[in-house]
Amino acid sequence: RILSVSTMLVTGALLLVAFAEEQPKQATTEQAQSSYVPELAELMNIAQARFFRLSYAPETGNWQLAEYELAHLRKTFDVATKFYPVFGNVHQKKLIHEATEPALNALDNAIGSENLRSFGEALEVLRLACNNCHFQAKVGFIMVDKPRKPLSGPQPRP
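Residues numbered from 1 in each chain as written. Predicted model: local features only at pLDDT ≥ 70, side-chain atom pairs only at ≥ 80, totals over all residues. Heavy atoms only, no water.

**As for the confidence of the model for the protein**
And then number 1: When pLDDT is averaged along the protein, the result is 80; 72% of the residues meet or exceed 70.
And then number 2: When mean pLDDT is compared element by element in the protein, helix H3 (residues 63-83) scores highest at 95, while helix H1 (residues 2-33) scores lowest at 51. (pLDDT = per-residue confidence, 0-100. Helix = DSSP H or I, 4+ residues; strand = E, 2+ residues; numbered from the N terminus.)

**Quick look at the layout of surface pockets**
Empty pockets left among the atoms are what a rolling probe the size of a water molecule brings to light.
And then number 1: Approximately 490 Å³ is the volume found for the largest pocket.
And then number 2: Leu40, Met44, His134, Val139 and Ile142 are the residues nearest the centre of the largest pocket, which is lined by 23 residues in total.
And then number 3: When residues of the lining of the largest pocket are traced back to their parent elements, those giving at least two are helix H2 (40-56), H3, helix H4 (92-113) and helix H5 (116-136).
And then number 4: Examining the composition of the lining of the largest pocket, we find that seven residues originate from one element, H2, more than from any other.
And then number 5: Of the residues belonging to the lining of the largest pocket, the class tally is 16 nonpolar, six polar and one charged. (1 Å grid on protein atoms, 1.4 Å probe; cavity = no way out; pocket = protein on both sides within 12 Å on 5 of 7 lines; lining within 4 Å. Points joined across faces, edges and corners; volume = space filled by probe spheres on them. Nonpolar A, V, L, I, M, F, W, Y, C, P; charged D, E, K, R; others polar.)

**Digging into unusual backbone geometry**
What you tend to see is this: most non-glycine residues have negative phi, and most peptide bonds are trans.
And then number 1: Phi at glutamate 114 is positive, roughly 50 degrees, even though this residue is not glycine.
And then number 2: Here glutamate 114 shows up in the loop between H4 and H5.
And then number 3: Within the chain, lysine 138 stands out as a residue other than glycine whose phi angle is a positive 70 degrees.

**Overview of the packing of aromatic side chains**
And then number 1: Counted under the stated rule, the structure contains three aromatic pairs.
And then number 2: Here the aromatic rings of phenylalanine 51 and phenylalanine 52 are separated by 5.6 Å at their centres, their planes lie at 80 degrees, and the arrangement is edge-to-face.
And then number 3: Among the residues examined, phenylalanine 52 registers a relative accessible area of 25% and is labelled partly exposed.
And then number 4: With a centroid separation of 5.7 Å and 90 degrees between ring planes, the pair formed by tryptophan 63 and phenylalanine 119 is classed as edge-to-face. Of this pair, tryptophan 63 sits in helix H3 while phenylalanine 119 sits in helix H5, and the two are 56 residues apart along the sequence.
And then number 5: By relative accessible area, which is 0% here, phenylalanine 119 ends up buried. (Phe/Tyr/Trp six-rings, centres within 6.5 Å; stacked < 30°, edge-to-face > 60°. Buried < 20%, exposed > 50% of the residue type's maximum accessible area, 1.4 Å probe, protein only.)

**Digging into the environment of glutamate 101**
And then number 1: Mapped onto the elements of the fold, glutamate 101 is located in helix H4.
And then number 2: A residue is classified by how much of its surface remains accessible, and glutamate 101, at 28% relative accessible area, is partly exposed.
And then number 3: When the C-alpha atoms of glutamate 101 and alanine 129 are compared, they prove to be 9.3 Å apart, with 28 residues separating the residues in sequence.
And then number 4: If sequence neighbours within four positions are ignored, glutamate 101 has contacts with Arg74 and Ile96. (Contact = heavy atoms within 4.5 Å.)

**Some remarks on the side chain of threonine 100**
And then number 1: As for its placement among the helices and strands, threonine 100 is situated in helix H4.
And then number 2: In this structure the side chain of threonine 100 is engaged in a polar contact, spanning 2.8 Å, whose partner is the backbone oxygen of isoleucine 96.
And then number 3: Setting aside anything within four residues of it in sequence, one finds threonine 100 in contact with Phe77 and Leu126. (Polar contact = N/O pair within 3.5 Å; in protein donor to acceptor, adjacent residues only side chain to side chain.)

**Considerations on H5**
And then number 1: Taking 1.5 Å per residue as the helical rise, H5 with its 21 residues ought to reach 30 Å, and the 30 Å between its terminal C-alpha atoms agrees with that figure.
And then number 2: Every buried residue belonging to H5 is among Leu116, Phe119, Ala122, Leu123, Leu126, Arg127, Ala129, Cys130, Asn131, Cys133 and His134, and all of these are buried.
And then number 3: Where H5 is buried, its residues touch H2, H3 and H4.
And then number 4: Where H5 starts, the residue carrying a side-chain oxygen 3.1 Å from the main-chain nitrogen of arginine 117 turns out to be asparagine 115. (Expected span 1.5 Å × (residues − 1).)

**Side note on the pattern of salt bridges**
And then number 1: Tallying each qualifying case throughout the model produces six salt bridges.
And then number 2: Taking the shortest distance from any N to any O, the salt bridge between arginine 74 and glutamate 101 comes out at 2.7 Å. With arginine 74 in helix H3 and glutamate 101 in helix H4, this pair connects stretches of sequence that are 27 residues apart.
And then number 3: Measuring nitrogen to oxygen at the nearest pair gives 3.5 Å for the salt bridge that ties arginine 117 to glutamate 121. Here arginine 117 pairs with glutamate 121, and both are found in helix H5, just four residues apart, close to one helical turn.
And then number 4: Look at glutamate 121 and you get partly exposed, because its relative accessible area is 44%.
And then number 5: Residues joined by salt bridges that share partners form a network here, namely Arg50, Arg53 and Glu69. (Salt bridge = Lys/Arg side-chain N within 4 Å of Asp/Glu carboxyl O.)

Shown next, in the form of structure tokens:
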């Protein structure tokens, strides 16, 4: 009889330990299900920062950075349209992809050929596409500016 009580206590303790170990896993799963979703404005701020880094990368001959920023700019647009396919009665998904895809593809080609002139032209098309998208989404007061200095070719690094 003493042995069976001891066995029950040990079994109970092991069950409690197993239950306690399982709790953090459940909390993590619940946290993942209610994870943070950035506001559309936050995503567009990220896109603008990527646009500016993209625009200056060829200035130093850093075509790898241009390629990197372009890939992440695409991802930012994809995330924005995933979370906000429709925003304020505007079909963001269609608008963003139709407005930016041709310019993004042209930038891909310019980066692949390391052609500064084509890059500058495609970047301007993207800038205008973004501003047009903002206008159509009724936030035309938000404008993507031109880079402050013209694209002139690789500059020596300090």
